[in-house]
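The chain contents come next:
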Amino acid sequence: MIGILVGVMAIPAIGIIERARFRAEQQNLSMLANEVKLSFRQDDFGLNLSALEGDMPADYVGRPAVTKFDDEPPAANEMVNENAWYGRLTKLRGQPLLNQRLSASAGDVYNIAHNAYNQRRVMLVGPYEKDQQRYIILSFMFLDGPSLPTAPGNRVILSGGVYSSETNYENWFNAIYSNTWGEAGCQAPTGWASGMQTAWNATDGRNRTFAERTFVERIVQPRYKVTVNNNTTIPAGADPLIFFADRIYIYSNMPTWTDYANAGLWQHVAARAMGAGVETVQVFPGRNEGILEGRRVVIRRQANAITADADAAVTVVSVLLNENTTYTAQ
């Protein structure tokens, strides 16, 4: 009789423990999301999770790798990767990374990558979009269960100077990002294959689907635009083709904030001839795309009137971008 009572009492106790774990995990994901957002403001791309293809400088010797996200289920024997999202967050905390299996690691890197069920959290990056960049962190609060489908197609393709994502990749991400997770009665995305839906909609001993036991945190990184109005004038009678003083140069997506030679964006705004009015140039004018939030933007004015030497220009603005911004050069 006593054994029966103990068994009956254990069932609600397990439920209480699980609910406490679920609440704690949602808080953990929120804190991780805040750290991810903090990384967006790092000049060092090795610490910046938004070091993404299409938003990095052109290849140069020593260029940091793009951040590795989980576009396919993590391998069981996965090695610690300093360029993975969890590796960059660990380095952002100032903690070391060892060359070992992630499952055998300890400290921050393990705690960032795993939840209370010792399940590997995953972080996905959204398609290339003109006005924002989306991310999602998922945490699977069960001991054994199904995995996410592998991403099809390429996240970034470049055609005619314009970045975009393949439709298959966009659909894959949107199905996961837009789905309801971690709530009573929620199920797998309806666009998934029937076998995948069946696996995710299966219930445990407490009648919860795997989708109900999956918690998520969504992150949106806006893109902002920079407009420069250059209304400086050249001396009367000077030839604007050979008079270079007061030309404006705009830089962003640099590997370091003084490395102008390897800038991912180099924009020249010429000085106007006397009486010709104001020249206004918007960064990425032809692509109609913004710069990721947190990126450093440097605006420099040409000081040499003889040669168009951008390296000899003087910095007039250096700012981490957090809104649409307009600058005027007098």
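Let us look at the structure shown here. (Residues numbered from 1 in each chain as written. Predicted model: local features only at pLDDT ≥ 70, side-chain atom pairs only at ≥ 80, totals over all residues. Heavy atoms only, no water.)

## Re the layout of surface pockets
Computed from the structure, the largest pocket encloses a volume of approximately 380 Å³. Every residue lining the largest pocket is counted, 25 residues in all, and those nearest its centre are Pro-73, Pro-74, Gln-119, Arg-120 and Ser-147. Of the residues assigned to the lining of the largest pocket, the class counts are 14 nonpolar, 5 polar and 6 charged. When its volume is computed, the second largest pocket comes out at roughly 250 Å³. (1 Å grid on protein atoms, 1.4 Å probe; cavity = no way out; pocket = protein on both sides within 12 Å on 5 of 7 lines; lining within 4 Å. Points joined across faces, edges and corners; volume = space filled by probe spheres on them. Nonpolar A, V, L, I, M, F, W, Y, C, P; charged D, E, K, R; others polar.)

## Focus: helix H2 (residues 85-92)
Of all 8 residues that make up H2, 6 are buried, and the element is covered over most of its length. Of the residues making up H2, those classed as buried are Trp-85, Tyr-86, Gly-87, Arg-88, Leu-89 and Thr-90. In the segment just after H2, Gly-94 is the residue with positive phi, at about 80°. (Buried < 20%, exposed > 50% of the residue type's maximum accessible area, 1.4 Å probe, protein only. Helix = DSSP H or I, 4+ residues; strand = E, 2+ residues; numbered from the N terminus.)

## Considerations on the nonpolar core
Core analysis: the largest hydrophobic core is formed by 47 residues, its most contacted members being Met-123, Leu-138, Leu-148 and Trp-200. Of all the secondary-structure elements, those providing two or more residues to this core are helix H1 (2-39), H2, helix H3 (107-113), strand E1 (122-125), strand E2 (132-140), helix H4 (167-178) and strand E5 (214-224). Residue contacts for Leu-138: discarding those within four places in its chain leaves Arg-121, Val-122, Leu-124, Leu-148, Ile-176, Trp-181, Thr-214, Phe-215 and Val-216. Among the nonpolar cores identified, the runner-up in size contains 10 residues, and Tyr-224, Ile-291, Val-297 and Ile-299 belong to it. (Core = buried A, V, L, I, M, F, W, Y, C linked by side-chain atoms within 4.5 Å. Contact = heavy atoms within 4.5 Å.)

## Structural notes on the pairing of strand E7 (residues 248-252)
Counting buried residues along E7, 5 of its 5 residues qualify, which places the element largely inside the surrounding structure. Side chains of E7 alternate between two faces, with Ile-248, Ile-250 and Ser-252 and Tyr-249 and Tyr-251 buried alike. Where E7 and strand E11 (residues 296-301) come together, 5 bridges link them in antiparallel fashion. In the sheet register, Ile-248 faces E11, and the bridge partner there is Arg-301. (Pairing = 2+ DSSP bridges.)

## Some words on the packing of aromatic side chains
For the coordinates displayed, the defined rule picks out 13 aromatic pairs. The interplanar angle of 65° and the centroid separation of 5.9 Å between the aromatic rings of Trp-192 and Trp-200 together place this pair among those described as edge-to-face. For Trp-192, a relative accessible area of 9% corresponds to the buried category. Through successive ring pairs, a cluster of aromatic residues spans Phe-140, Phe-142, Trp-181, Trp-192, Trp-200 and Phe-210. Between Arg-21 and the ring centre of Tyr-117, over which it is positioned, the NZ or CZ distance is 4.9 Å. (Phe/Tyr/Trp six-rings, centres within 6.5 Å; stacked < 30°, edge-to-face > 60°. Lys NZ or Arg CZ within 6 Å of the ring centre and 35° of its normal.)

## Comments concerning unusual backbone geometry
The backbone phi angle of Asn-118 is positive, close to 60°, even though this residue is not glycine. Topologically, Asn-118 is positioned in the loop between H3 and E1. Positioned with a positive phi, Asn-207 is a non-glycine residue whose angle comes to about 65°. With respect to the helices and strands, the residue Asn-207 is situated in the loop between helix H5 (194-201) and E5.

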